[in-house]
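Residue-level structure breakdown
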Amino acid sequence: MIATSDRTPLPRTFFDRPVLEVAQDLLGRLLVRTTPDGPITLRITEVEAYDGPNDPGSHAYRGPTARNGVMFGPPGHVYVYFTYGMWHCMNLVCGPDGTASAVLLRAGEIVEGAESARKRRLSARSDKELAKGPARLATALGVDRALDGTDACATGDTPLRVLSGTPVPSDQVRNGPRTGVSGDGAVHPWRYWVADDPTVSPYRAHVPRRRRS
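So, here's what we can say about the structure. (Residues numbered from 1 in each chain as written. Predicted model: local features only at pLDDT ≥ 70, side-chain atom pairs only at ≥ 80, totals over all residues. Heavy atoms only, no water.)

**Overview of the nonpolar core**
Soluble, globular proteins show a tendency: their nonpolar side chains are buried together. Membership of the largest hydrophobic core comes to 42 residues, with the highest contact counts inside it found for Phe 15, Leu 26, Val 47, Leu 92, Leu 105 and Ile 110. Considering every element that reaches this core, the biggest residue donor is strand β2 (residues 38-51), with 5 residues. Formed by 13 residues, the second largest nonpolar core is a distinct cluster that contains Met 71, Val 93, Ala 100 and Ala 102. (Core = buried A, V, L, I, M, F, W, Y, C linked by side-chain atoms within 4.5 Å. Buried < 20%, exposed > 50% of the residue type's maximum accessible area, 1.4 Å probe, protein only. Helix = DSSP H or I, 4+ residues; strand = E, 2+ residues; numbered from the N terminus.)

**Description of the pattern of salt bridges**
One pass over the full model with this rule turns up 13 salt bridges. Its salt-bridge partner being Arg 43, residue Asp 197 comes within 3.1 Å of it at the nearest N-O pair. You can see Asp 197 sitting in the segment after β8 (191-194) and its partner Arg 43 sitting in strand β2, a full 154 residues away along the chain. Taking the shortest distance from any N to any O, the salt bridge between Arg 191 and Glu 46 comes out at 2.6 Å. Taken together, the residues span a long stretch of sequence, with Arg 191 in strand β8 and Glu 46 in strand β2 at a distance of 145 residues. By relative accessible area, Glu 46 is classed as buried at 0%. By sharing partners, the salt bridges in this structure join Arg 17, Glu 21, Asp 25 and Arg 29 into a single network. (Salt bridge = Lys/Arg side-chain N within 4 Å of Asp/Glu carboxyl O.)

**Structural notes on the pairing of β8**
Of the two faces of β8, both are covered, the one formed by Arg 191 and Trp 193 as well as the one formed by Tyr 192 and Val 194. Here 3 bridges tie β2 to β8, and the two strands are oriented antiparallel to one another. When the sheet's bridge partners are listed, Glu 48 is paired in β8 with Arg 191. Here strand β7 (residues 173-176) runs beside β8; their pairing, made up of 4 bridges, is antiparallel. The residue bridging Val 173 from the neighbouring strand is Val 194, located in β8. (Pairing = 2+ DSSP bridges.)

Here you go:
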């Protein structure tokens, strides 16, 4: 049973479940990023589930690599990847050790430490945009590949931790296609978000990248 106290850390058993269960249940939880300038706390409002070998849209679909190795480890760890040569994105690993499912954190509301987040997100027009999208979220929190493999369930000092927060009622959860996923993986309606929340990012279908001639 998950504790209801807002500041209670989520146990590893929370993440040791099927990825679709974890994804929906992460909405409303708090992600705390410890920085030299103080903590930044994010309320999670949008996520996407990726189901490893069962999911053509997952980085782990074809097995382990140097890039995705954390996804095959214990649940509750952080998987960070670099994309388009510019941005980092953050995931939370789910399921038993040896599987490769994970939840991408797509958007959230900065509820503590907004001043620190603003310094990293100078282009944000308002605080609602600080973490509106997975790359913006990682940037606002100062998350990069150096944090890949971080145990978000560890006790003591840790750069990232997930707290119980306030779970979102099921009638306030929406789902639909994942953003920017192509091919067979595009059919899964595994993007979940908080209804009518202004920090949720807009849906964008996959657009093939043009090859340079």
